[in-house]
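Structural characterization, general
Residues per chain are reported as follows:
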Amino acid sequence: MNKTLGLTTAIALIVSSTNAFAADQIRILAPTWLGFAPVHVALANGCFEQEKLDVTINFEDDLSNVMAAMARGDVEIQMRSVGEYQGRPRDKTTPGIIIGTIDKSVGGDGVIADGSTKTVADLKGKTIAAEPNIPARLLLQMELKQAGLTLKDLNIKEISSADTGAVFVDESIAAIATYEPFMSQAIKASSREGAKVLISSKDHRGMIIDAIIARNDDLKASPDKYGRFLKCIYSAVDFIKAEPQKFAEIAAPSFGLTPEEVLDVVNGSLAYTTLAEAQVYMGEPGKPGSLFGIFDTVMALNLENGAADNQLVAAEQIDNSVIATIGK
């Protein structure tokens, strides 16, 4: 045997193997929101490993940090609500395109206040705390519009949603736009009389959809990789619906919650989208799904309230080619 040839072949095999493994890498950044727990379930159940995917997920609530990471090529996927995805400074050239849905908010986003606030109209001229671009700000905007008001009629103080509980202690803050689990935790811990949820996504079902967003260049280079990823996500959703207690035990440590707290939040706050539901939202090539209309409606709201600077068009920001192949 030619030792030189043998060594060359061995090196080539190692390089080839390493490149193949790297091509299957998916690094994810997402907010601290239980809607993204199917990733943790798919990791625990070994689906990603079976599909030859090297998946990691880390929490990052700051959208600007996530957008910068994707632009640098540090992550392949981010997960956010459609409304957040549209937020500044995104424009038509910003990396990231929607390839699937993962959950919809049915009570997990909202505005909390104490008993002195009876209706959203009572917030006029008062200080409201909120993180930029989060879904609860859209909910607040919609409720204000119905009362003949806008966000300009409020004094907005920007905070991190993770600080909801600490900020709610300050009675000069009339209300906080936030999301679970911070919303329930703040109300439960509050000594403010009549602390409650004033506005909830429960009353605006279908408006707050969380999307799976891929980096354009990597999606184009490896569409099959993303097909395998989505397959595992929707398999995890099926597991969650079939085995809720086991799901809660898997998810709890990652979110710093007990299994009981996980179930409390999930049961009243969100609904994971199955493959069939996601395919209705996404549609298929040449046949846009319902998410396209939702995208354009939320885009108009974001432009109106100043959360977005640039008009984005659903047809250019949603790619339904990969999800359309799953299950066929």
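What you see is a predicted model; the values in this text were computed from it and never measured.

**Thoughts on the sheet that holds strand 7 (residues 155–158)**
Within the open sheet, the five strands sit side by side as 7-6-8-5-9. Their pairing is mixed. The open sheet has two free edges, formed respectively by strand 7 and strand 9 (196–200), since each of these has just one partner strand. Direction aside, the axes of adjacent strands within the sheet are offset by 30 degrees on average. Contacts from helix 6 (residues 135–146) reach strand 5 (109–113), strand 6 (127–130), strand 7, strand 8 (173–179) and strand 9 within the one sheet, and its direction differs from that of strand 5 by about 70 degrees. Relative to strand 5, helix 8 (residues 182–189) is tilted by about 20 degrees, and along the sheet it contacts strand 5, strand 8 and strand 9.

**Quick word on the confidence of the model for the protein**
Confidence in the prediction of the protein, expressed as mean pLDDT, is 91, and 93% of residues score 70 or more. The low-confidence segment residues 1–23, where pLDDT is below 50, has four contacts with residues more than four positions distant or belonging to other chains.

**Remarks on the packing of helix 6 against helix 14 (residues 290–305)**
Across the interface, helix 6 lies against helix 14 with an axial gap of 11 Å and an inter-helix angle of 80 degrees. Between helix 6 and helix 14, the interaxial angle falls into the category roughly perpendicular. Side by side, helix 6 and helix 14 meet where L138, Q141, M142 and K145 of the first sit next to V298, L301, N302, E304 and N305 of the second. Across the contact of helix 6 with helix 14, the residue classes break down as four nonpolar, three polar and two charged.

**Description of the state of the cysteines**
For the structure on display, the rule yields one disulfide. One disulfide bridge connects C47 with C232, the sulfur atoms lying 2.2 Å from each other. Its S-S torsion of approximately -85 degrees makes the covalent link between C47 and C232 left-handed. One end of the pair, C47, is in helix 3 (residues 47–50); the other, C232, is in helix 10 (residues 223–242), and 185 residues separate them in sequence. For the residue pair C47 and C232, the accessibility class agrees, reading buried in each case.

**Describing the nonpolar core**
One finds L34, M79, I98, L140, I212 and F229 to be the most contacted residues of the largest nonpolar core, which totals 91 residues. Here this core gets nine residues from one element, more than from any other, and that element is helix 10. If near-sequence neighbours (up to four positions away) are discounted, L34 is found in contact with A251, F255, L257, V262, V265, V266, L270 and Y272. Of all hydrophobic cores here, the second largest spans nine residues; its members include I112, A129, V167 and F168.

**Comments concerning a negative patch on the surface**
Together, E249, E260, E261 and D264 give the surface a local cluster of negative charge. When residues in the negative patch are grouped by element, the largest group, three residues, is from helix 12 (residues 259–269).

**Some details on the sheet that holds strand 1 (residues 25–30)**
One open sheet accounts for six strands, arranged 2-1-3-10-4-11; its pairing is mixed. Across the chains shown, the open sheet's two edge strands, defined by having one partner strand only, are strand 2 (54–59) and strand 11 (270–272). Going across the sheet, the axis of each strand differs from the next one's by a mean of 30 degrees, ignoring polarity. Judged from the three bridges that link them, strand 4 (residues 97–105) and strand 11 form a sheet pairing that is antiparallel.

**Topic: the packing of aromatic side chains**
Per the counting criterion, the structure on display carries six aromatic pairs. An angle of 85 degrees between the planes, with centres 5.9 Å apart, marks the rings of F247 and Y272 as edge-to-face. Taken together, the residues span a long stretch of sequence, with F247 in helix 11 (residues 244–255) and Y272 in strand 11 at a distance of 25 residues. The same class applies to F247 as to Y272, namely buried. Feature note: the residues W33, Y179 and F182 constitute an aromatic cluster, connected by ring pairs. Between R90 and the ring centre of Y85, over which it is positioned, the NZ or CZ distance is 4.0 Å. Its guanidinium or amino end placed over the ring of F168, R192 lies 4.5 Å from that ring's centre, counting from NZ or CZ.

Conventions and cut-offs
- Within every chain, residues take consecutive numbers counted from 1 along the sequence as written.
- In keeping with the model being predicted, local features are shown solely for residues with a pLDDT of at least 70 and side-chain atom pairs are shown and tallied solely at 80 or more, while totals for entire chains, interfaces and linings include all residues.
- Side-chain numbers come from the whole structure's heavy atoms, not from hydrogens or water.
- We call two strands paired when DSSP finds no fewer than two bridges between them.
- Only DSSP runs of H or I reaching four residues or more are called helices, and only runs of E reaching two or more are called strands; each is numbered from the N terminus.
- Under this scheme, a helix contributes an axis fitted over its contacting stretch, all axes are lines through C-alpha atoms, and angles between N-to-C directions fall in the 0 to 180 degree range.
- In what follows, a contact means two residues having at least one pair of non-hydrogen atoms within 4.5 Å.
- Per-residue confidence from the predictor is given as pLDDT, running between 0 and 100.
- Put simply, angles under 35 degrees are roughly parallel, angles over 145 are roughly antiparallel, angles from 65 to 115 are roughly perpendicular, and the rest are oblique.
- Side-chain classes follow a simple rule in which Ala, Val, Leu, Ile, Met, Phe, Trp, Tyr, Cys and Pro form the nonpolar group, Asp, Glu, Lys and Arg form the charged group, and the remainder, Gly included, forms the polar group.
- Two cysteine sulfur atoms make up a disulfide if the distance between them is within 2.5 Å.
- Only protein chains enter the area calculation, which uses a 1.4 Å probe; residues under 20% of their type maximum are buried, those over 50% are exposed, and those in between are partly exposed.
- Nonpolar core, defined: a set of buried Ala, Val, Leu, Ile, Met, Phe, Trp, Tyr and Cys residues in which side-chain atoms within 4.5 Å join the residues together.
- For patch detection, residues must exceed 30% relative accessible area and be free of salt bridges, and they are connected within 9 Å for like charges or within 5 Å for nonpolar side chains (Val, Leu, Ile, Met, Phe, Trp, Tyr).
- Here the open area of atoms and residues is found with the Shrake-Rupley method and a 1.4 Å probe, where only the protein chains shown may cover a residue.
- We define a salt bridge as a contact between a side-chain nitrogen of Lys or Arg and a carboxyl oxygen of Asp or Glu at a distance within 4 Å.
- In this tally, Asp and Glu contribute negative charge and Lys and Arg positive charge; neither His nor the terminal groups of the chain are included.
- By convention, the point assigned to a charge is CZ for Arg, NZ for Lys, CD for Glu and CG for Asp.
- Any pair of Phe, Tyr and Trp rings, taking the six-membered ring for Trp, is counted once the centres come within 6.5 Å. Such a pair is stacked with planes under 30 degrees apart, edge-to-face with planes over 60 apart, and tilted for the rest.
- For a Lys NZ or an Arg CZ to count as sitting over a ring, it must be within 6 Å of the ring centre and within 35 degrees of the ring normal.

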